[in-house]
Amino acid sequence: MLHHSGRLAFVGWLLIGTAATAQVGPEIAYATTAGGRPEIHLIDADGTGHSLLYRGGSRAEIFHVDIKPGGGQLAVEEHIRGNVRSPAISAIKIIDYDANGSIVGSVRTLQLNCLTGSLDYHPTDGTLLYRDCAIPARIQRLDTTSMSSSDLGLAHSAFIAGWLDATHVLYYAHLQQKLWTVSTAALASPAEVLSLSFPGALDTAASGDKGLWSDGTQIYLIDISAKQISPFQTPGQRGHFSPDDQDVVYITGDSVGKNGQFVIIRRTDGSGAPTNLAGRGSFTAVDWRN
């Protein structure tokens, strides 16, 4: 039995641990084109906590969303379709929100002249990886407060990149058609994982040893340590791991933005029945917060 002083210390330790792991807002974000305008919704994996966070203009499209670890902020790739009066433009938008899923403060914007297709928050420091518009393209690291960027320093021009942990990155070099891993302490010495003939969307597991690759038709599970890739879901789009890597959320269908799609959660090992999270609709992006 704990003495009184020991019990107080134990309770204090619990409170500190709870504060350190506090999460802000619902854990899943998805983008839909309901009503002809793009919307970003937040929702928990059990279907509760739903809120409409953001709605774009009539010519806007949202292709990627990424939630900052711990929540309270997400990054969006928004594209504005051109017309006879205005050229097409793209931007990364940073949106802060509260526990109720309501926007806090102003939305910050990084203007681009291309589609980036690559967004991933660092596990701890709040910076964001994205692909720039240079030829050949480079992976940049964005400070989401100052909205200033710096080259990550990869040895290759990369189509997409994601953090495996705080100091290691998994990336796809499209000219070499290969996946590589690299330490930020030794960026000139990447290690080849495997060859992939087609670029796609990438997500990395919290464990640091698995990835999900969505090639535009189906989703594959990558075992980084074994250097193996296997089919996970056909058809399917934009696969993302749950925080414990036990589940995956994805969009059904062989391309994003089609009518009659669903946002589905299923077990990573394929067991059990899948869960329909958001009903029938047209979906373009999804993410599950770490």
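It should be noted that the structure appears before, not after, this text.
Now for a quick tour of the structure. Keep in mind that what you see is a predicted model, and the values were worked out from it rather than measured.

Counted by the stated rule, this structure contains one disulfide. Covalent S-S linkage joins Cys114 and Cys133, the inter-sulfur distance amounting to 2.0 Å. On the S-S bond that ties Cys114 to Cys133, the torsion sits near -85°, and the link is left-handed. Residue Cys114 is located in the loop between strand S7 (108-112) and strand S8 (119-121), and its partner Cys133 is located in the loop between strand S9 (128-131) and strand S10 (139-143); the two are separated by 19 residues in the primary sequence.

One finds Ile40, Leu53, Ile62, Val65, Leu74 and Val76 to be the most contacted residues of the largest nonpolar core, which totals 14 residues. Those elements that provide at least two residues to this core are strand S1 (28-32), strand S2 (39-43), strand S3 (51-55), strand S4 (60-67) and strand S5 (73-80). When residues in this core are grouped by element, the largest group, three residues, is from S4. Ile62 has contacts with Ala31, Pro38, Ile40, Tyr54, Val76, Glu77, Glu78 and Thr284, leaving out every residue within four places of it along the chain.

All right, on to the pattern of salt bridges then. On inspection of all chains with the given rule, the structure shows 10 salt bridges. Among the salt bridges present, the one from Glu78 reaches Lys93, with a minimum N-O distance of 2.7 Å. Remark: Lys93 occurs in strand S6 (residues 89-96) and Glu78 occurs in strand S5; sequence separation between them is 15 residues. Grouping residues by exposure puts Glu78 and Lys93 together as buried. Where Lys210 meets Asp209, a salt bridge forms, and the shortest distance between an N and an O atom there is 3.4 Å. Accessibility expressed as a relative area gives 24% for Lys210, which makes it partly exposed.

The rules behind each value
- Residues numbered from 1 in each chain as written.
- Predicted model: local features only at pLDDT ≥ 70, side-chain atom pairs only at ≥ 80, totals over all residues.
- Heavy atoms only, no water.
- Disulfide = S-S within 2.5 Å.
- Helix = DSSP H or I, 4+ residues; strand = E, 2+ residues; numbered from the N terminus.
- Core = buried A, V, L, I, M, F, W, Y, C linked by side-chain atoms within 4.5 Å.
- Buried < 20%, exposed > 50% of the residue type's maximum accessible area, 1.4 Å probe, protein only.
- Contact = heavy atoms within 4.5 Å.
- Salt bridge = Lys/Arg side-chain N within 4 Å of Asp/Glu carboxyl O.

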